[in-house]
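Summary of the model geometry
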Amino acid sequence: MSTRRLAIRQPESFTLSAAAKKEIAGWVKKYPKARQRSAMIPALWIAQKDGDGWLPEAALRAVGDLLDMAYIRVYEVATFYTMFNLAPVGVHHVQLCGTTPCWLRGSDDLIAMLKRKIGPKGSISEDGKLSWIEVECLGSCANAPMVQISNAQSDHYYEDLTADTLEAVLDKLVAGGAPGQGPQNGRHTSEPKGGTKVLTTQNLSKARGKLTKLPNAETKAKINYYEWDPKERRATRGGWVDPKLNANPDPKKRPDNAGKDMSAGLIDKPAFAAKPERASEPASKKLGDKPSEVVSDAADVPSPRKAVKTKTKTKAWKRTPVKSDAVPSKPKVLYTDGPSEGDPDDLKKIKGIGPKFEANLNASGVYYYRQIAAWKAADIKTVEDKADKFTGQIKRDEWVKQAKALSKHAAGRTKGKT
Ligand code: FES
């Protein structure tokens, strides 16, 4: 991993274009409400493309403002991923993979050529057309060695490279041409050089004969095979019937039970057999025991575990109502006259509330977990309007959910003490 820092020389400002803002808004919509920060990576990518191919600090702040999140969170992501450029780059920015498979296949030769043509790692060519960096595996190891070249229009992979073929690609790009992307040694995707020798049939499912008999089966069997259905545009089951669908509910009449001795009961119970009814007579009678002492839960077939069960009278458990003289069942949304129901709770235990927020909440009349736990959407709006500090945060950080858990925990502890 390389050290990634913001560029020393930064522009004064950065403004996202209206088109970029619209595109970012489209990404935000893909996530649940108040989860707009999940769109950070696409937002940074759009901001980078919207600028000159790199992200000045002002751009990171712009994204942070747009997604309503702390700048440090944006810096954390932007400084981690090599796809985000933190310093100016050339018109065509080469990202060379130097990880093991690419290294074993000659990435060192490519690096030597790039150093000669552009300059040391991280530099820009004199005409500003080319720049390069080394990155970790880009997931195209089967076509090693490879590079990704990004510019305003595209981000293409160039694979199966030698120093000469890469230099040819760069020359063509600088001249305004469009070199073919992908493998540069003539092979198709990651097939063997010279083309594939196996699995060459266009439609494999049509090509193979239908199986009607399994290799070791004595009789012909219906095979569960799949067919390409052009209408459905997917493979569907063909010629196979679930045996359960055709099974006769009466096991004696089912062909697979023909000739079997069924006197001992069901040999092969169908999956949809009706549940045996409970015996109408008390089982104790059948067993001949005194009803006052012994009863049985057994149905038609007595189970050794359930057959005999001693009836004992259990004492009914009575719930003792918990008396509380201090805590009303429904707390107020705001206690404008101070904490009138005992000592205030430590609201800082709720993630997202620090000492400042706690002071603000207290000043607005919020003191207890149970109070927050009872908030509905309208109550949240009341608190937000009153405090004018927490717009969106209460929902985003799930204060109500957290408060419910804390309130439950606190109630349990109080119960334990009494
Ligand atoms: S190692 Fe280079 S693409 Fe994976």
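Residues numbered from 1 in each chain as written. Predicted model: local features only at pLDDT ≥ 70, side-chain atom pairs only at ≥ 80, totals over all residues.

**Remarks on the overall build of the protein**
Note the cut-off: The helix and strand labels rest on DSSP assignments: H or I over at least four residues marks a helix, E over at least two residues marks a strand, and numbering proceeds from the N terminus. Exposure classification rests on a simple neighbour count of other C-beta atoms within 10 Å of a residue's own: a residue reaching 20 or more is buried, one at 12 or fewer is exposed, and one in between is partly exposed. C-beta atoms are placed from the backbone. The contact rule is simple: place each C-beta atom from the backbone, and if two of them lie within 7 Å, those residues are in contact.
Looking only at helices and strands, the protein features 15 helices and 9 strands. In the protein, buried positions account for 20% of the 418 residues. Put simply, of all contacts in the protein between residues at least 6 apart along the chain, 50% involve residues at least 24 apart.

**Quick word on unusual backbone geometry**
Backbone torsion omega between A144 and P145 reads -5°, so that peptide bond is classified as cis. Along the chain, P145 falls in the loop between strand 2 (130-135) and strand 3 (147-150). The phi angle at T189 is positive, at roughly 40°, despite the residue not being glycine. You can call T189 exposed: it has 10 C-beta atoms within 10 Å. Backbone geometry places E398, a non-glycine residue, at a positive phi of 55°. Looking at where E398 falls in the secondary structure, it is placed in the loop between helix 14 (393-396) and helix 15 (399-417).

**Looking at the sheet that holds strand 5 (residues 182-183)**
To keep things clear, this is the line we draw: Each pair of strands is called paired provided DSSP finds at least two bridges between the two strands. Orientation is described by lines fitted to C-alpha atoms, with helices fitted over the stretch in contact, and by angles between N-to-C directions that extend from 0 to 180 degrees.
Strand order in this open sheet of 5 strands is 2-1-3-4-5, and the pairing throughout is mixed. Sheet topology places strand 2 and strand 5 at the edges, where each strand pairs with a single neighbour. Pairing analysis gives 4 bridges linking strand 3 to strand 4 (residues 155-159), with the strands arranged antiparallel. Residue S150 lies in a different strand from strand 4, and its bridge partner there is D155. Contacting strand 1 (92-97) and strand 2, helix 6 (residues 107-117) runs over the sheet at an angle of about 150° to strand 1.

**What about the packing of helix 3 (residues 57-66) against helix 4 (residues 71-78)?**
Packed helix pairs are characterised by how far apart their axes lie and by the angle those axes make with each other. Quick note on the threshold: Orientation categories follow fixed angle ranges, with anything under 35 degrees roughly parallel, anything over 145 roughly antiparallel, 65 to 115 roughly perpendicular, and all other angles oblique. What makes a crossing left-handed is the near helix being turned counterclockwise from the far one by less than a right angle; a clockwise turn instead makes it right-handed. Amino acids outside the nonpolar list (Ala, Val, Leu, Ile, Met, Phe, Trp, Tyr, Cys, Pro) and the charged list (Asp, Glu, Lys, Arg) are all regarded as polar, and Gly is one of them.
It is the contact of helix 3 with helix 4, at a shortest axis distance of 9 Å, that shows an interaxial angle of 125°. Taken together, the axes of helix 3 and helix 4 are oblique relative to one another. Remark: the crossing between helix 3 and helix 4 carries right-handed chirality. Across the interface between the two elements, L60, R61, V63 and G64 of helix 3 pack against Y71, V74, Y75 and A78 of helix 4. Of the residues contributing to the contact of helix 3 with helix 4, the split by class is 6 nonpolar, 1 polar and 1 charged.

**Brief notes about the packing of helix 2 (residues 40-50) against helix 3**
At their nearest, the axes of helix 2 and helix 3 sit 10 Å apart, and the two run at 140° to each other. Considering the angle they form, helix 2 stands oblique to helix 3. In this structure, helix 2 crosses over helix 3, and the sense of that crossing is right-handed. Of the residues in helix 3, those touching helix 2 at M40, A43, L44 and A47 are A59, A62, V63 and L66.

**Thoughts on the environment of A87**
Considering the arrangement of structural elements, one finds A87 in the loop between helix 4 and strand 1. C-beta crowding within 10 Å serves as the criterion here: with 18 such atoms nearby, A87 is assigned to the partly exposed category. Considering only alpha carbons, one finds A87 and R5, 82 residues apart in sequence, at a separation of 8.6 Å. Those residues in contact with A87 that lie beyond four places of it in its chain are A7 and W54.

**Some points on the confidence of the model for the protein**
Condition: Confidence of the predictor at the level of single residues is captured by pLDDT, which takes values from 0 to 100.
Taken as a whole, the protein shows an average pLDDT of 78; of its residues, 67% reach a score of 70 or greater. Overall, residues 238-242 carries pLDDT values under 50, and its contacts beyond four positions in sequence, including any with other chains, amount to 11 contacts. The low-confidence segment residues 265-277, where pLDDT is below 50, has 15 contacts with residues more than four positions distant or belonging to other chains.

**Quick look at the pairing of strand 4**
If a strand is regular, its side chains alternate between the two faces of the sheet. Put simply, the rule is: Handedness rule for crossovers: strands pointing away from the viewer, path from the first strand over the helix to the second running clockwise, crossover right-handed.
In this structure, the hairpin formed by strand 3 and strand 4 is closed by a connection of 4 residues. Where the polypeptide runs from strand 4 across helix 7 (residues 163-174) and back to strand 5, its parallel neighbour, the crossover connection is left-handed.

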